[in-house]
Protein chains: 2
Amino acid sequence: MSIPTVHQVLNGYNVRFSAETRKKVLEAAKELDYRPNIAARGLRARKSFLLGLQFNAVNYPLIAGFTRGFQQMCTAQSYAPIFLTHVSTEDEAENCRTLIDRRVDGLIVNCAVGTTGASNAGRFAEMRQAGTHLVEVFGRFVDGAPRVTLDYRAGAVASTELLIAKGHKKIALFTHSDYRTSERIPGLYWTAWEHWRGYEETMRQAGLEPTTIAYQVSGDRTREGAHYFSAYENAKLLLNHPAKPTAAVFYRGEAVEAILHYASANPSAAPEGFGISVFDRVAPTHSDAISLYALPQPIEDVGQAAAKLLLDSIAGREVESIAMGPKKP
Amino acid sequence: MSIPTVHQVLNGYNVRFSAETRKKVLEAAKELDYRPNIAARGLRARKSFLLGLQFNAVNYPLIAGFTRGFQQMCTAQSYAPIFLTHVSTEDEAENCRTLIDRRVDGLIVNCAVGTTGASNAGRFAEMRQAGTHLVEVFGRFVDGAPRVTLDYRAGAVASTELLIAKGHKKIALFTHSDYRTSERIPGLYWTAWEHWRGYEETMRQAGLEPTTIAYQVSGDRTREGAHYFSAYENAKLLLNHPAKPTAAVFYRGEAVEAILHYASANPSAAPEGFGISVFDRVAPTHSDAISLYALPQPIEDVGQAAAKLLLDSIAGREVESIAMGPKKP
DNA sequence: TTGAAAGCGATACCAG
DNA sequence: CTGGTATCGCTTTCAA
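As the structure is a prediction and not an experimental result, all values here were calculated from the model.

Participant: Looking at this model, I keep getting lost on the domain arrangement of chain A. Mind explaining?
Facilitator: How big an interface is tends to be reported as the loss of accessible area on association of its parts. Parsing chain A into structural domains produces domain 1 (1–36), domain 2 (45–145 + 300–324) and domain 3 (152–295). Distance between the C-alpha centres of domain 1 of chain A and domain 3 of chain A: 62 Å.

So, in structure tokens, the structure goes:
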């Protein structure tokens, strides 16, 4: 039996062959547990069947969920992910080099941004122009790139509606102080901005007065616990606010944890029946004073969607950016 | 200029060639930004220069650190990691299949264990026997495999010594109730056991009386926050213990968080100046009553070491298992 | 219905 | 010193 014959049969061009030939080939393949060599196939096809997954290490809580969704999608099409993380733009550039040397068929980008605002976004945009298949995730830095993001507006809408449904009327928004600056700094803080818009819109539509309370995040906001400590220190801003809110929508799960801890350390600080909702993960925490409604972010779905977009792009199909809100409970 | 000539020059067999030839080749290579195709090289060498990285998703807090260490080591030798996570033994088997189909040159294993104790450890042991290069991390399931683990004994020794150095004499150990069963269940709870041994040994050597206090973890202990809630509910076991400890060595960071929260919610519960030390990561938490000394686990180093072991094994060198304790502060 | 042959990009061997 | 040639495993084309 010749190599091409075997090949044809194994790859489904069965019409051309006699039943007997087919049977013999199939049996032999099974017996030998034949598995095609993907690298060799790729050499011929000028592909690697490898996808590069670049992640900013500050987003480490997202990694596990994202990669799970991603691998489900891509291994089903016999692609495999090469996963690399970076902590700086230099790191990122080096990892990118590694991936290109590997001839990856596509790239997931999760930009690093230096304290000065420097990033590799421009380079990525050029690469995309030059034909590299690339999808950006959890960010809006690379011009023109298809992206998968979290829909913070939808998250805020759902969070606010949830508290309204629980009967709350005085619902505050507790967010960080840069929620309004996102218009001016491209790529940064837009999630807080959209979140705020979603909150305001929902409150207004319900005929309720929005009250936005912002805490300042001091120093490097990517440092461990930056939001936690800032929120803790500013807990009174929320709990002693003149508008006397009975509930609050939060922008960050970390800030929720801080208020939960503050409230249990200061039993009279939070009004009876205070409610909190948030579009984020909240770490397991003991709390009796406050009712917490966490709408988890669909991180795994983001991973799946990103893989799908990337594979579609590689296959030459049209792709469109997606923003993913909270799952219906 | 012929292909082999170029090849030879580019790969450092320079002695054989005239200076002029060398120069021409090198210049052309630079100008064209020549990068060898690793897949093609691998086809000929019957290698893939790919390493499979299988991680149990329950260990997600370790992923970011581990992969960073791992990638540093392996990209330096022009290997790249394919990263896959599993949540069950079936998942793990499927991922393993994916990696083998990819002809990975080596495998990092982080076993899943079902509630019945079932695992793929046997299969991995066979694969190793059959010549697959494989390194186990954070576990002791695969018979005969070289592994990189955390040295919980050293962690406990350092934790205990630290509290002794701070002047504490009544130092308890706060751990979960299965710390003694590890002798009987291979692969499970051995970290708690070693940790306990390290604590006892250090206390005895210092002429102090060890007091081990254990909390029961109810239900599925891999569920989110299992240790946190169990420790919280059993906080009194530690803080009201008849031996009146002034400090405690903890086995888990999560349990530390629980006690910190409990103590700030119950201000008189912890004695003045209570000290806690732990060989683990502790999430950022506001706390004034308790002095916390966290000795971080060297997760990134584990990643590096695992990559080194695997690459050594692939290169045919002898490899030996490593246990990594806390870094000297 | 089948198989011979070319080629993907790199490497190894050996003859000139 | 230099280059022709075979080879890795797979896919495609075309002739028999």
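Participant: Could you clarify how one ought to interpret the sheet that holds strand β7 (residues 211–215) of chain B in this entry?
Facilitator: Strand pairs in the sheet, formed through backbone hydrogen bonds, run parallel or antiparallel to each other. Residues and elements named next belong to chain B. Taken in spatial order, the five strands of this open sheet run β7-β6-β8-β9-β10, and their pairing is parallel. Pairing within the sheet leaves two strands with one partner each, and these edge strands are β7 and β10 (291–294). When the angles between neighbouring strand axes are averaged without regard to direction, this sheet yields 25°. Where strand β8 (residues 247–250) meets strand β9 (residues 275–278), four bridges bridge the pair, whose relative direction is parallel. For A248, the partnering residue across the bridge sits in β9 and is I276. Most of the contacts of helix α8 (residues 190–205) go to strand β6 (residues 171–176), to which it runs at about 170°, and overall it touches β6, β7 and β8. Along the sheet, helix α11 (residues 253–265) contacts β6, β7, β8, β9 and β10; its crossing angle with β9, the most-contacted strand, is approximately 160°.

Participant: What's the story with the packing of helix α9 (residues 226–233) of chain A against helix α11 (residues 253–265) of chain A in this structure? I'm lost.
Facilitator: Packed helices, taken two at a time, are described by the angle their axes make and the gap between the axes. Residue and element names in this part refer to chain A. Across the interface, α9 lies against α11 with an axial gap of 8 Å and an inter-helix angle of 40°. For the element pair α9 / α11, the angle class is oblique. Crossing angle aside, the handedness with which α9 passes α11 is right-handed. Together, A226, H227, Y228, A231 and Y232 of α9 and E254, A255, E257, A258, I259, H261, Y262 and A265 of α11 make up the contact between the two elements.

Participant: Please explain the interface of chain A and chain B as it appears in this structure.
Facilitator: With 47 residues of chain A at the contact, the number on the chain B side is 47 residues. Overall, the association of chain A and chain B removes approximately 4100 Å² of surface from exposure, summing both partners, and the carbon and sulfur fraction of that is 56%. At the junction of chain A and chain B, the tally comes to eight salt bridges. The shortest N-O distance in the salt bridge between R97 of chain A and D33 of chain B comes to 3.9 Å. Counting across the chain A and chain B interface gives 25 residue pairs in polar contact (both at pLDDT 80 or more). Going through the elements one at a time, α3 (38–45), α4 (60–75), β2 (80–86), α5 (89–101), α9 and α11 of chain A are the ones with two or more residues in the side of chain A that touches chain B.

Calculation rules
- Residues numbered from 1 in each chain as written.
- Chains lettered and ligands numbered in written order.
- Predicted model: local features only at pLDDT ≥ 70, side-chain atom pairs only at ≥ 80, totals over all residues.
- Heavy atoms only, no water.
- Domains from an automatic or database assignment.
- Pairing = 2+ DSSP bridges.
- Helix = DSSP H or I, 4+ residues; strand = E, 2+ residues; numbered from the N terminus.
- Axes fitted to C-alpha atoms, helices over the stretch in contact; angles between N-to-C directions.
- Contact = heavy atoms within 4.5 Å.
- Parallel < 35°, antiparallel > 145°, perpendicular 65-115°, else oblique.
- Left-handed = near helix turned anticlockwise from the far one by under 90°.
- Buried area = accessible area lost by both parts, 1.4 Å probe.
- Salt bridge = Lys/Arg side-chain N within 4 Å of Asp/Glu carboxyl O.
- Polar contact = N/O pair within 3.5 Å; in protein donor to acceptor, adjacent residues only side chain to side chain.

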